Amino acid sequence: MFNILEARDLAPGVRYVRVEAPKIARRRKAGQFVIIRATSDGERIPLTIADSNAEEGWIALIVQGVGKATKTLNRLGAGDAIPDVAGPLGMPSRIERFGTVVSIGGGVGTAIAYPSAVALKEAGNQVISIIGGRDSSYVLLEEEMRAVCDEVYPTTDDGSYGYHGFVTDKLTDLIEEGRHLDFVLAIGPIPMMKAVAEVTRPHSIETVVSLNPIMVDGTGMCGGCRVAVGGETKFACVDGPEFDAHLVDFELLAMRNRAYAGFENTRLDEMDQECDRPQLLPVVPGGSA
Amino acid sequence: MTEFTLKDRMAMARQKMPEQEPVERRGNFTEVNLGFTAELAVAEAQRCLMCRRPVCIEGCPVGVQIRDFIGLVAEGDFDGAAKVIKLDNSLPAVCGRVCPQEDQCEGACVLGRKDKPIAIGALERFVADYERLNGIATADAPPVSTGKSVAIVGSGPAGLACATDLARLGHDVTVFEALHVLGGVLSYGIPEFRLPKEIVQAEIIQLEKLGVTFTTNAVIGMIDTLDDLLGEEGFDAIFVGVGAGLPRFPAIPGENLVGVYSANEFLTRVNLMKAYKPDAETPVYDVTGKTVAVFGGGNTAMDAVRTAVRLGAAKASIVYRRSEAEMPARNEEIVHAKHEGVEFRMLANPVEFLGNEEGVLTAMRLQEMELGEPDQSGRQSPVPITGSEWVEDVDMVVVAIGNSPNPLLQKTTPDLEQTRRGTLVADGVTGRTSKHGVFAGGDIVTGGATVILAMGAGRRAAVSINDYLNTGEWEIEPEAPLVG
Ligand SMILES: Cc1cc2nc3c(=O)[nH]c(=O)nc-3n(C[C@H](O)[C@H](O)[C@H](O)COP(=O)(O)OP(=O)(O)OC[C@H]3O[C@@H](n4cnc5c(N)ncnc54)[C@H](O)[C@@H]3O)c2cc1C
Ligand SMILES: Cc1cc2nc3c(=O)[nH]c(=O)nc-3n(C[C@H](O)[C@H](O)[C@H](O)COP(=O)(O)OP(=O)(O)OC[C@H]3O[C@@H](n4cnc5c(N)ncnc54)[C@H](O)[C@@H]3O)c2cc1C
Ligand code: SF4
Ligand code: SF4
Ligand code: FES
């Protein structure tokens, strides 16, 4: 069993969960994830390691409740325990001294981008961070990002906070202002990552995205997480999850992620009937599908 | 007890394994074979000629003392029979169910030449089940500790067999498994209706009683490398039994459409994650009333197609590019699948999967094959017949054309020599690899093979690990046959 040391809300339906996992805390690198099961008969779901502390022996997860597994996890608190945490999994982020890099996080994607932003800064890059959310409550980790990045631009779709517009609008502004950008890391809903890829493509700015296909084992055994990159089939759990944004087939990814849409809705309906306070929470624009 | 003459014995009919009726079993996941009763077992055992030179044993990769255990069954001493089997095989309840007996022990039995071989697998299964159900399994008391420790990577049959022998020798054994459940393919691959998971668990409990430590969720290569295990974790030796778990895809257009599964994913969702149960949390594609095609001719393909039948598919077929004679699956599985209504379509191969604008599979393009020259496997190779393509509707496809070794571990262990096929290079007798202190066996060395071969490799490696721990000598015969 893995003990939960701390759990608190970050935004509506988004929780920060700190789990005791000393070995993973020591081994993990930015960009890697774990596969967890929240209950003994639960689904195996992948979650990025958002932060860790090797001395204190914990890892932090930032979880958006979108379906049964994530919502079950998000109901747990300090003192609870979860049966399975396997990791670290996946290839670490490519961390190099690129020059000026932009880290773009959309909704809970910011949590996934955060550790890479930290590592990119440590590697000597000038780091610009764009944090997007539907409205002010979904702009995550702004303080944390400010502590490590050179520039931070919160954006909201409705203009309730920060820059009024999508993360891609802010990125376009930066490019049009003549800023020289060497590398872009974009993590968030699929339509957002696709849009970022289209913004940077004409300028040949190297761009990496972190893909979120449906996974089962996370070790390269099932092939369920396969994605098409540059016309080749890759297993995101072992070959990724980060890939060259200009080569990813985002349409395929979006379609594959809808494979169980009907099933998941039934599960959620059942879950909402079971619990006292219905938990149908708003989802980040674009959703994870 | 009645004395039978040779002639009497030869005249007796082979006992038939009682099984669930096809109509009934099509709708459930409980075991198809029901097992011999004590009467049937004794009657079958009495057919054995007690050969002076029991050739059946030569057919068994681990050399189970077949004649002796069958002799004890004939006398009604099931407990004694269990003890004899366990000398050579620590997972008899599993092997009795899944060994390709027709190619191994039963294939070698003298009675097979004239008539019907002794049902060795069914008897082995009976004895093991009898022992388990009557609670007489006497786990040997943990022996005196040698103070040496061994890490076993992977909890499939190779790892479990190696762990058993090393623990019995008094070594401190820890098994690391990537998944949250132990057993390897026995747990995530082979379905409940062929191998109840309860049996695999019972075997693992026996090992725990022997003092073996199990660590799940431990993906070696990611959390610890082999060097970490030998270094900071302080293990004296390692056995690598990580299997061949990387699913192959045909590399044809449309293979990533929703509705196209690898057998590994389909079976993992159903077996490991229990997607066949109505209240399961893990989904599997709903095939109720749908058309399913499974590509392949091995046990994996049979398991997948029979699983699809049980999930309610209206039409389920095996599509295989050679002819039935070349199918590597166990005979029994082929027969069972046919009785369950599976359609067998030979000499056909997919060239494309077609989908709708939602990215969901709707049809497949197949082509007709013919058999040409023998290939490396000695089987006639399938050759496409030009201009023979056609398209037909299909709702779900399962690709079961084989697995390759998963490169995860090798990636972080560059000094572990591998073949071009990605299998590990290991001495065929001792299991020693190119890396000092590291042994390997099972599917990771041979490529996808069988449970009993993996167990045999695990046991041979245990002998050699014990030698190494006792002498500290690391020698690899350069001329020794390298498997891989
Ligand atoms: C490498 C990786 C890292 C991830 N990191 C995080 C993270 O740090 N925080 C976070 O909140 N989420 C993360 N995700 C997404 C998270 O795994 C899914 O939201 C979760 O599995 C959904 O499970 P569920 O049962 O709650 O929802 P479900 O009811 O199963 O699904 C809800 C929707 O989520 C999508 N989905 C379903 N299963 C998965 C799956 N296994 N992976 C991805 N999407 C899925 C589907 O589009 C579905 O419509 C990550 C995914 C991957 C692949
Ligand atoms: C569907 C199916 C049906 C089959 N039917 C039969 C049959 O009827 N009869 C028969 O004899 N054979 C059958 N086989 C073949 C047989 O199951 C295999 O040959 C056998 O299981 C190989 O054993 P193994 O111990 O080498 O590997 P596996 O059983 O594959 O076990 C390897 C284990 O290692 C774990 N692992 C992998 N990488 C790591 C890592 N890096 N760190 C930690 N753990 C790791 C895996 O999760 C797995 O649990 C079947 C195979 C399949 C897939
Ligand atoms: S272990 Fe397998 S091959 Fe050996 S006797 Fe038993 S069933 Fe036959
Ligand atoms: S070869 Fe057949 S008949 Fe002879 S001992 Fe073995 S099982 Fe009995
Ligand atoms: S999740 Fe199974 S291969 Fe990637």
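Placed above this text is the structure.
Parameters and conventions
Residues numbered from 1 in each chain as written. Chains lettered and ligands numbered in written order. Predicted model: local features only at pLDDT ≥ 70, side-chain atom pairs only at ≥ 80, totals over all residues. Heavy atoms only, no water. Helix = DSSP H or I, 4+ residues; strand = E, 2+ residues; numbered from the N terminus. Buried < 20%, exposed > 50% of the residue type's maximum accessible area, 1.4 Å probe, protein only. Contact = heavy atoms within 4.5 Å. Lys, Arg positive; Asp, Glu negative; His and termini not counted. Charge placed at Lys NZ, Arg CZ, Asp CG, Glu CD. Pairing = 2+ DSSP bridges. Axes fitted to C-alpha atoms, helices over the stretch in contact; angles between N-to-C directions. Near = heavy atom within 4 Å. 1 Å grid on protein atoms, 1.4 Å probe; cavity = no way out; pocket = protein on both sides within 12 Å on 5 of 7 lines; lining within 4 Å. Sits in = over half its atoms within 2 Å of the grid points. Nonpolar A, V, L, I, M, F, W, Y, C, P; charged D, E, K, R; others polar. Parallel < 35°, antiparallel > 145°, perpendicular 65-115°, else oblique. Left-handed = near helix turned anticlockwise from the far one by under 90°. Buried area = accessible area lost by both parts, 1.4 Å probe. Salt bridge = Lys/Arg side-chain N within 4 Å of Asp/Glu carboxyl O. Polar contact = N/O pair within 3.5 Å; in protein donor to acceptor, adjacent residues only side chain to side chain. Phe/Tyr/Trp six-rings, centres within 6.5 Å; stacked < 30°, edge-to-face > 60°. Lys NZ or Arg CZ within 6 Å of the ring centre and 35° of its normal.

*Asks:* What am I meant to see in the overall build of chain A here?
*Replies:* Helices and strands together make up the secondary structure of chain A, namely 9 helices and 17 strands. Taken over the C-alpha atoms alone, chain A extends approximately 55 × 45 × 40 Å along its principal axes. Taking all 289 residues of chain A together, 60% fall into the buried category. Sequence separation of 24 or more characterises 66% of the internal contacts of chain A that already satisfy a separation of 6 or more. Taking the 28 positively charged and 40 negatively charged side chains of chain A as two groups, their mean positions are separated by 4 Å.

*Asks:* Would you take a moment to explain the sheet that holds strand β4 (residues 237-240) of chain B for this structure?
*Replies:* Adjacent strands of a sheet form backbone hydrogen bonds with each other and so pair up, either parallel or antiparallel. Residue and element names in this part refer to chain B. Taking strand neighbours across the sheet as the criterion, the 5 strands line up as β3-β2-β1-β4-β17 in an open arrangement whose pairing is parallel. Two strands lie at the open edges of the sheet, namely β3 (213-215) and β17 (438-440), each paired on one side alone. Geometrically, the sheet is characterised by an average inter-axis angle of 20° between neighbouring strands, direction not taken into account. Here 4 bridges tie strand β1 (residues 149-153) to β4, and the two strands are oriented parallel to one another. When the sheet's bridge partners are listed, V150 is paired in β4 with A237. Lying over the sheet, helix α11 (residues 157-168) contacts β1, β2 (172-176), β3 and β4, oriented at roughly 165° with respect to β1.

*Asks:* Could you clarify how one ought to interpret the site of ligand 4 in this entry?
*Replies:* Residues and elements named next belong to chain B. Taken together, the residues surrounding ligand 4 are C48, L49, C51, V55, C56, R67, C109, V110 and I118. Of all the cavities here, the one that holds ligand 4 is the second largest cavity. The class makeup of the residues in the shell around ligand 4 is 8 nonpolar, no polar and 1 charged.

*Asks:* What is the right way to look at the packing of helix α5 (residues 66-74) of chain B against helix α10 (residues 120-133) of chain B in this model?
*Replies:* In helix packing, the relevant descriptors are the interaxial angle and the interaxial distance, both defined with respect to the helix axes. All names here are of chain B. α10 packs onto α5 with a crossing angle of 60° between their chain directions and a minimal axis gap of 11 Å. If you check the angle between α5 and α10, you find them oblique. In this structure, α5 meets α10 at a crossing whose hand is left-handed. In this structure, α5 uses I66, F69, I70 and V73 to contact α10, whose residues at the interface are I120, L123, E124 and V127. When the residues that make up the contact of α5 with α10 are grouped by side-chain class, the tally is 7 nonpolar, no polar and 1 charged.

*Asks:* Looking at this structure, how should I read the site of ligand 3?
*Replies:* Contacts to ligand 3 come from C60(B), P61(B), I66(B), N89(B), C95(B), C99(B), Q101(B), Q104(B), C105(B), E124(B) and I452(B). Among the residues forming the shell around ligand 3, the class breakdown is 7 nonpolar, 3 polar and 1 charged.

*Asks:* Can you help me understand the interface of chain B and chain A in this one?
*Replies:* Much of the literature gives interface size as the accessible area that the parts lose upon coming together. The interface of chain B with chain A comprises 42 residues on the first partner and 44 residues on the second. Between chain B and chain A, a total of about 3500 Å² is buried, with carbon and sulfur atoms accounting for 53% of that surface. For the pair chain B and chain A, the number of links is 7 salt bridges. Here K68(A) ties to E281(B) by a salt bridge, and the two come within 3.0 Å at their closest N and O atoms. Where chain B touches chain A, the interface holds 22 residue pairs in polar contact (both at pLDDT 80 or more). Within the residue set of the side of chain B that touches chain A, elements represented by two or more residues are β5 (246-247), β6 (260-262), α15 (263-272) and α18 (408-411) of chain B. By residue number, the principal contributor to the side of chain B that touches chain A is α15(B), which donates 4 residues.

*Asks:* Before we go on, may I ask you to explain the packing of aromatic side chains in this structure?
*Replies:* Following the criterion strictly, the structure yields 13 aromatic pairs over all chains and no others. Here the basic side chain of R8(A) rests over the ring of Y16(A), its NZ or CZ set 4.4 Å away from the ring centre. For the cation-ring pair, R310(B) lies above F193(B), with the distance from its terminal atom to the ring centre recorded as 3.8 Å.

*Asks:* Would you explain the sheet that holds strand β9 (residues 343-346) of chain B in this entry?
*Replies:* Residues and elements named next belong to chain B. Spatially, 5 strands are ordered β6-β14-β7-β8-β9 in an open sheet, and the strand pairing comes out parallel. Looking along the sheet, the strands with just one partner apiece sit at the ends: β6 and β9. Here the average twist between neighbouring strands, direction ignored, is 20°. In this structure, strand β8 (residues 315-320) lies alongside β9, joined through 4 bridges in parallel fashion. Bridge pairing in β9 places Y320 opposite M346. Sheet strands in contact with α15 are β6 and β14 (396-399), and its direction is about 85° off that of β6.

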